[in-house]
Amino acid sequence: MHTITVKFGGTSLASASQIRKAAEIIRSDPARRFVVASAPGKRTKDDIKVTDLLYRCYNEATDGNDFSATLEKIRGRFQDIITELEVDFDLDSEIEKLREHLKTAPNADYMASRGEYLNSKIIAAFLGFPFVDAAEVVRFRADGKLDEAYTFRTLSARLIAMDQAVIPGFYGALPDGTVKTFSRGGSDVTGAIVARASVSEIYENWTDVSGMLSADPRIVDSPRVIDYITYTELRELSYMGASVLHEDAVFPVRKAGIPINIRNTNRPDDPGTMIVASLPASVGRRVITGIAGKKGFSSIHIEKSMMNSEVGFVAKLLKIFASCGLSFEHCPSGIDTISVVINTDSFNAHREEILHRIRTDLEPDVVSVEDNLALIAVVGQGMVYSKGTAARVFSALYEADVNIRMIDQGSSELNIIVSVEERDFEHALRSIYAAMEGLMK
Ligand code: ADP
Ligand code: ASP
Ligand code: MG
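Note that the structure is a prediction, hence the values are computed from the model and not measured.

Visitor: Quick rundown of the site of ligand 1? Include the residues and the values.
Guide: Taken together, 17 residues lie near ligand 1, and K7, G10, T207, D208 and L213 sit nearest. G10 places a main-chain nitrogen or oxygen 3.1 Å from an oxygen atom of ligand 1. Bound to the protein, ligand 1 loses 85% of the 570 Å² it would expose on its own. The residue inventory of the shell around ligand 1, partitioned by class, reads seven nonpolar, six polar and four charged.

This is how it looks when you write it as structure tokens:
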């Protein structure tokens with residue numbers, strides 16, 4: 001039997017009319033047997049995602065405020081879907097359970113997960129597919145990491161006995177049964193897990209754009225759709241802010257060699273993007289695949305005379321970050337200087353302690369911090385074969401009058417990363433895109 005796993009994102013399931021589109025896509029190919037569903041997302045630009053309403057409700061309850069208006073909004077979203085789809089579903093008792101939960105010992109992950117849980121139950125009823133609760137099959141270890149062995153064993157055994165199923169995305173459970181979610185956007189990860197456990201031929205990820213675009217469409221006007229991209233390039237771009245796919249979603253499918261196809265629920269005839277292990281021969285020698293970036297970084301800059309000859313200096317510096325449980329993004333160095341670029345939110349949680357320990361343990365001549373930095377990554381496996389890519393990036397930024405604060409090129413020559421001030425971010429990204437567009441064909 002052919003098997004395809006389909007995951008539909010929040011905007012694809014935001015209303016009854018969107019769910020009907022998804023159902024039509026599912027029914028148009030009998031191989032689309034396993035469906036992973038998100039919570040209802042935004043119906044319009046100014047709408048609120050159900051997941052955000054659920055977190056709001058939780059915060060109101062724990063702050064001792066009245067949560068009934070928010071809970072009513074959540075009920076209203078689902079009620080509209082149920083009424084328009086004409087499915088038989090006892091929403092009131094589900095909402096009462098949530099009210100009781102909020103009044104007793106509210107749990108943020110449990111609350112957030114209910115968007116996926118309820119939407120999936122309703123969609124299962126509409127499609128006539130059985131519902132499989134992710135809490136029974138997706139298992140996290142006590143340290144919060146996915147328990148791959150347990151999850152794949154349990155889920156495979158469950159799905160092998162089924163022709164079809166709807167599985168909610170975004171959550172699973174700890175060994176004691178407590179519900180736990182992935183990070184935001186995590187239904188993409190559930191989709192990848194289901195694709196692997198069901199030995200799907202393909203993992204279709206249905207969203208609101210016609211594939212992975214070569215830059216964020218909210219910043220660059222009409223960026224090119226990437227037809228094929230490797231798992232490695234995709235991982236670089238999604239990690240660096242191309243938010244169309246959760247950065248961890250490639251791992252389960254990459255291991256099994258299952259391609260991901262990103263598709264548009266509103267334009268189902270568009271072929272979308274294929275994410276594969278290696279590019280087919282038909283794809284020419286493209287130099288650049290895409291550009292992505294994000295704000296919110298800080299750079300800790302350290303100077304010390306003769307740093308280069310002080311054995312173990314870098315190790316001691318990085319140990320300070322590691323002992324606070326922090327990972328860093330980049331660590332460019334000169335002869336007597338070194339910088340550590342790190343996500344500002346993580347840094348802020350230990351800022352004073354880190355700066356104090358750098359001063360006392362390393363006795364530098366200068367320590368300074370620069371906040372409000374953004375990183376931009378230019379990604380492409382073809383870069384390694386071509387000359388002048390870095391020169392193009394730097395001259396684009398020079399011509400755009402943007403000051404580059406840091407440059408890093410991965411040793412695999414898969415990317416060039418530059419850091420700029422946050423206020424220059426959008427302008428810098430557009431300027432680089434304009435200069436590189438010719439290399440993306
Ligand atoms: P879903 O709810 O379907 O999971 P997301 O909102 O998580 O969808 O992801 C889709 C959105 O990602 C798009 O609407 C787009 O605005 C944004 N996005 C950012 N960077 C890119 C990119 N490089 N390619 C495509 N979409 C991107
Ligand atoms: N609903 C969750 C979120 O908004 C998970 C997802 O959509 O993938 O983050
Ligand atoms: Mg998403």
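Visitor: Let's hear about the packing of aromatic side chains: which residues, and what values?
Guide: For any two aromatic rings, the description comes down to two numbers: the centre-to-centre distance and the angle of the planes. Tallied over the entire structure, the rule returns three aromatic pairs. Look at F8 and W206: their rings are 5.9 Å apart centre to centre, the planes differ by 15 degrees, and that puts the pair in the stacked class. Of the two residues, F8 sits in strand β1 (residues 4-8) while W206 sits in strand β6 (residues 202-207), which places them 198 residues apart along the sequence. You'll find F8 and W206 in the same group, each marked buried.

Visitor: I'd like a description of the side chain of N264, backed by residues and values.
Guide: Mapped onto the elements of the fold, N264 is located in strand β8 (residues 260-264). For N264, the side chain forms a polar contact with the side chain of S210, separated by 3.1 Å.

Visitor: Describe in detail the packing of helix α4 (residues 91-103) against helix α5 (residues 108-127), supporting the description with residues and values.
Guide: The geometry of α4 relative to α5 is characterised by a closest axis approach of 12 Å and an angle of 175 degrees between their N-to-C directions. With respect to their mutual orientation, α4 and α5 come out roughly antiparallel. In this structure, α4 uses E94, L98, H101 and L102 to contact α5, whose residues at the interface are Y110, M111, R114, Y117, L118 and K121. When grouped by side-chain class, the residues that make up the contact of α4 with α5 number six nonpolar, one polar and three charged.

Cut-offs used in this document
- Residues numbered from 1 in each chain as written.
- Chains lettered and ligands numbered in written order.
- Predicted model: local features only at pLDDT ≥ 70, side-chain atom pairs only at ≥ 80, totals over all residues.
- Heavy atoms only, no water.
- Near = heavy atom within 4 Å.
- Polar contact = N/O pair within 3.5 Å; in protein donor to acceptor, adjacent residues only side chain to side chain.
- Areas by Shrake-Rupley, 256 points an atom, 1.4 Å probe, with all protein chains shown as cover.
- Nonpolar A, V, L, I, M, F, W, Y, C, P; charged D, E, K, R; others polar.
- Phe/Tyr/Trp six-rings, centres within 6.5 Å; stacked < 30°, edge-to-face > 60°.
- Helix = DSSP H or I, 4+ residues; strand = E, 2+ residues; numbered from the N terminus.
- Buried < 20%, exposed > 50% of the residue type's maximum accessible area, 1.4 Å probe, protein only.
- Axes fitted to C-alpha atoms, helices over the stretch in contact; angles between N-to-C directions.
- Parallel < 35°, antiparallel > 145°, perpendicular 65-115°, else oblique.
- Contact = heavy atoms within 4.5 Å.

Coordinates in, geometry out; function isn't part of it.
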